[in-house]
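Remarks on the overall topology
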Amino acid sequence: MRVSLNWLKEYVEITMGPDDLAQLLTMSGLEVEQKEPLGQSLQAVLAGRILSIKPHSHADHLSICRMDTGSGEVQVVCGAKNIKQGDMVPIALPGTMLPGGVKIEQTVLRGEPSVGMLLAEDEMGLTDDHEGIMILPSDVRPGTPVTEALSLEDWAFEIGLTPNRPDCASVIGIAREIAALTGQKLRRPETEVAEGKKAIEDLTSVTIVDPDGCPRYAAGMILGVSLKPSPFWMRQRLHVSGVRSINNVVDVTNYVLLEMGQPLHAFDYERLLQNRIVVRRAVEGERFTTLDGKTHGLNKDNLMICDGERPVALAGIMGGLNSEIFAGSKSVLIESAYFDPRTIRRGAKRLGISTEASYRFERGVDIEGIPAALRRSMMLIARLAGGEVVRGVVDNYPKPQKSRLIDFKVEKANRFLGTSLSREIMARYLRALEMGVETVDDQTLRVYPPSFRVDITRDWDLMEEVARLEGYDNIPVTAPPIKPSEHGDAPELIASERIRDVMVGMGYTEIISYSFVSDDSADLLGVEADSPLRSYVKLLNPLTSDQSVMRTSLLPGLLGAVKTNISHGERDLKLFEWGKLFVQRDQEELPEERHCLCAVITGLANPKEWYREERPVDFYDIKGSLEALLKALGLREYQFRLGKTPSWYEQSASCVMDVAGARVGNLGQLSQGVLSKFDLDAEAVYLFELDGTLFLEKITGKKHFESLARYPAVLRDISLVVNRRVDSGTVQGIIRRVGGELVESVTLFDVYEGGKMEPSEKALAFRICYRSKERTLDGKEVNRLHETIVGQIGVETGGRLREG
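Residues numbered from 1 in each chain as written. Predicted model: local features only at pLDDT ≥ 70, side-chain atom pairs only at ≥ 80, totals over all residues. Heavy atoms only, no water.

Let us now look at the environment of Val45. Of note, Val45 is situated in the loop between strand 2 (31-38) and strand 3 (46-56). Among the residues examined, Val45 registers a relative accessible area of 0% and is labelled buried. Linking Val45 and Gly316, residues 271 residues apart in sequence, is a C-alpha distance of 42 Å. (Helix = DSSP H or I, 4+ residues; strand = E, 2+ residues; numbered from the N terminus. Buried < 20%, exposed > 50% of the residue type's maximum accessible area, 1.4 Å probe, protein only.)

This is the structure we're talking about:
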C-alpha cells in the first residue's frame, strides 16, 4: 500500500517527522518498507507568467513565449499548443535539475534563443500527463516555487500489509491507526450530497440471485454527467498511489477505493439492458470480455454482475467492455458492494487476474461501510462532473451481519503478555481502535469489534491489539515457561538428520526440488503404463503445466538439477535429496506419502593431478557411497543382488538392495534413453534410490559395543569357479550361514573372467576370517568347517574350487 503523507494529514493531526512516523507504524505492525520524498527536487522550478506568445518564424510547430519569472523577463521556445497569453505555467531556468536527471541548459532552437523550458506534469514527475504544459492557478505570483504554489512537498510511504489487515488498505485505515497510536481524533471525509427529485426506485433495481457470493449490493445514480480530465489534485494523488488517471468519473471510483478501502465500479447506465442489475453465478462455458479487451471462459466459480440480459462485470475483479464509461456517457450507475472473499479469490486465481479491487475483496472489506463509500463517490462525481444525483440508493442487504461479541479477560491478557495493565488502560486502547467496550466486572470487558476489523474474532486477537498500542518495546522481556516434552523426537526425524550428515560428509550436496512436477515425468523415465508412478495427485489450480501433478519420484527433480549444473559448466556432481513422494490411492481421498532418498553422481571421481590420473565415476562409486551410508546408520544385514530394476536403469549395470531380507532400493547406471530424454550432456550418470519408509523401519538407532577380540583369528582364502549368473552375495550368504558364529567376516578380493575360463564361468576369490569369542580355534576344526562350506557352495551353486 503506497500512501501520501499529505493525504493522511487531511484525516488526522500528524506532528512528528516522516522518520518517526515510519518507526511508529512499523512497530505497530504496519511495516514501512520504503519512504520516498516527493517534490523536493522541484524547488528550483518557478511559476512564470506568459507575457506574450508569437509563432516561430522558422518552425510552424513552435512558439516563442516572453516570460515573467518574477526576477526578470526571458524568452522560451515551446511546442505546446494549450498555452496562451496570461497563463501561469511552470518554468525551469538554466541549471535546473529535473526528476530523472535532466539538466536544463540555455539553447538556440531554429535560430531563436530559449532560456529555460516550460514544463508538463509528467516532466516534473507529478502525474503521467503529457498532453500539454501544466497551467497553474492564475493568482500565483511569478517567481513563486511550484512546490510552494501547489503544496507539492510530500512523502510517500510504501507499507507492507499482512493479509489479515485489509482495513489498512486505505488512507482512512492508516490514518485510523495513527490516530489510535498518537491519541489524536480521526477526521472522516465528507459524504453529504444534494439529491435531485428523481427517485432511484423509478430508474433501476438490484436482484441478488446468489446472496452467499454477494451478501450486500448498493447502487446509486447520477444523471447528466460531463466527462473530462480530473483536477490536478486528484490526478496527482492517484499517481503517487500508482493508479493511472482515466477521466473524472472513473478517477473518483479509484480515489474512493484508495481513500476508504471500498472498491467501486461505474457503469454506463444507458448501456445496461433493461436498466437493472442482477448478481448471479456464471453459466458453465459462458464467455465474457473484460475492460482490458481479453475474453475469458467462465464457470460456476465466477460471480457475475449482469444487466437484464447479459454479464457486464466480473464481480469484485474487473468490469466489462460492454458497459464501460466512455466519452459519450451521460448517466452513471455506481456499484458499492460486498463480495464473499473466497468466491472472489477462487475466481480471480482461476482467470489469472489480480486488480486493486480483487486484492481488497479477497481479504474482506467493511460490509457496513458500503453506503458511506457510495455517498462519498456520488458527492465527488457531482462536484467534478456535474449532473443530478438521483434521490436515494438501492441497498440490497438480505441478511444483515450480526455484531460480534468477545468477552475479554484482563488477568488472562496480562498473563499472556507478561504485563500488569489495568482494565481501564486496556479499555482505552480498544476504544481508540473504534471498538465498543462494556465493563462486565473487575476482570472482564465485553468488546464489540467494528465491522471493518474482519481479523478480530477471539480474545487472543484483542490481546494483540492491546500489545500493539502499549508498544511492543514496552512489554518486558521474559523467558516463557517451557515444559520438556514427555516424548522424544520422532525416529524418522533423527534418522533423516543422520542421513543428511553422512551424505554431506561423503561430499554430496543436498538439493530441495519442487514437489510439483509435469505429468509427463513418468514418460521421460520410461515408466510402464500400469506403474504406481503414474498414479498422480493432480493439482486443481497448477501454477504452470510443468507443475500440474505431485511427484511420484525424486529422480526428475535431481536430473533437472544435474542438467542445470552442467549447463553452467559444473560437470562433476554428487547430489542427493531426501523428500516425500505422493501416490494416489484408489477410492482414497488422501494420497499415500512415502519418504525417499535418491542420490546421483556424474563426471569425474578423481580429477587429473600430478600424482594420479583422472577417473570417471562408475558403478562402484555409487555402491560404495550406499554401503558407507548403511554402515554409518548401523545396518549390517544388507545385500546387493541381481534382479529386475526399474526401466530407467541400464539392466546390465544395476542391481537391487535388500536390508534384513526386504527389498528397499535399487542402484546402478541411468539408461542412455533417459539421458537423451532429459537432454543431459553427460557420459554416464549413476544413482541409487531407497524407499525411505521401508528403510527407516530397519534402522534401530541402537549401537552395541563389541569388545576387542581376545582370541586369534584364522584366515583362509578360497577361490571358486561358478556360473556367471551366480552373484558374489549368494556365495557370501552361504559362507555366513554354514559358518555361523565362527565366521567373523567374508571379503571378496578378486573376480576373474576370460582367459582360459569358460565363457559361461567366472572365478571368485574370498578371504574368510574365522574366530571364536570363547576359545582359540584348532586348525583341524577350521579345516573341517572350511571343507563343509566349500561342499555346500558346490551343492547350492554348482561351484567348484579353482585349480592351481
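Read from one edge of the open sheet, 3 strands run 1-12-2, paired in antiparallel fashion. Sheet topology places strand 1 (2-4) and strand 2 at the edges, where each strand pairs with a single neighbour. Strand-to-strand twist across the sheet, computed as the mean angle between neighbouring axes with direction ignored, equals 25°. Pairing geometry for strand 2 and strand 12 (residues 154-160), over 7 bridges, is antiparallel. Along strand 12, the bridge assignment pairs Glu36 with Ala156. Strand contacts of helix 2 (residues 18-27): strand 2 and strand 12, with the helix running at about 160° to strand 2, the strand carrying the most contacts. (Pairing = 2+ DSSP bridges. Axes fitted to C-alpha atoms, helices over the stretch in contact; angles between N-to-C directions. Contact = heavy atoms within 4.5 Å.)

As a further point, take the packing of aromatic side chains. Considering all chains together, one arrives at 8 aromatic pairs under this definition. Judged by centre distance (5.0 Å) and plane angle (65°), the ring pair of Phe416 and Trp460 falls under edge-to-face. Here Phe416, found in helix 10 (residues 410-417), pairs with Trp460, found in helix 12 (residues 459-470); they are 44 residues apart in sequence, far enough to count as distant. Taking the relative accessible area as the measure of exposure, Trp460 reaches 36% and is therefore partly exposed. Geometrically, the ring pair formed by Trp648 and Tyr649 is tilted, given 6.2 Å between the ring centres and 35° between the ring planes. Each of the two residues, Trp648 as well as Tyr649, counts as buried. What links up through ring pairs into an aromatic cluster is the set Trp7, Trp233 and Tyr255. We note Arg176 situated over the ring of Phe452; from NZ or CZ to the ring centre the distance is 3.7 Å. (Phe/Tyr/Trp six-rings, centres within 6.5 Å; stacked < 30°, edge-to-face > 60°. Lys NZ or Arg CZ within 6 Å of the ring centre and 35° of its normal.)

Time to look at the packing of helix 11 (residues 423-432) against helix 12. Interhelical geometry of helix 11 versus helix 12 gives an angle of 95° and a closest axis separation of 9 Å. Relative to helix 12, helix 11 is oriented roughly perpendicular. From helix 11, Met426, Tyr429, Leu430 and Ala432 reach across to helix 12, where they touch Leu462, Glu465, Val466, Leu469 and Glu470. Here the contact of helix 11 with helix 12 is built from residues that sort into 7 nonpolar, no polar and 2 charged. (Parallel < 35°, antiparallel > 145°, perpendicular 65-115°, else oblique. Nonpolar A, V, L, I, M, F, W, Y, C, P; charged D, E, K, R; others polar.)

In this section: the environment of Gly673. Within the secondary structure, Gly673 is located in helix 17 (residues 672-677). Along the backbone, Gly673 and Ile91 are 582 residues apart, and their C-alpha atoms lie at a distance of 72 Å.

Within the open sheet, the 7 strands sit side by side as 28-31-32-38-37-36-35. Their pairing is mixed. Every interior strand has two partners, whereas the edge strands, strand 28 (509-510) and strand 35 (638-641), have only one. Pairing of strand 36 (residues 649-659) with strand 37 (residues 662-670) involves 7 bridges; the strand directions are antiparallel. Note that in strand 37 the partner of Tyr649 across the bridge is Leu670. Each of strand 28, strand 31 (573-583), strand 32 (592-602) and strand 38 (685-691) is contacted by helix 13 (residues 491-505), which is oriented at about 155° to strand 31, the strand it contacts most. In the packing of helix 16 (residues 619-632) onto the sheet, contacts are made with strand 32, strand 35, strand 36, strand 37 and strand 38, and the angle to strand 38 comes to roughly 30°.

Among the secondary structure elements, Arg235 is positioned in helix 5 (residues 232-240). In contact with Arg235, other than residues within four places in its own chain, are Glu121, Thr127, Asp129, Ser230, Ser245 and Asp251.

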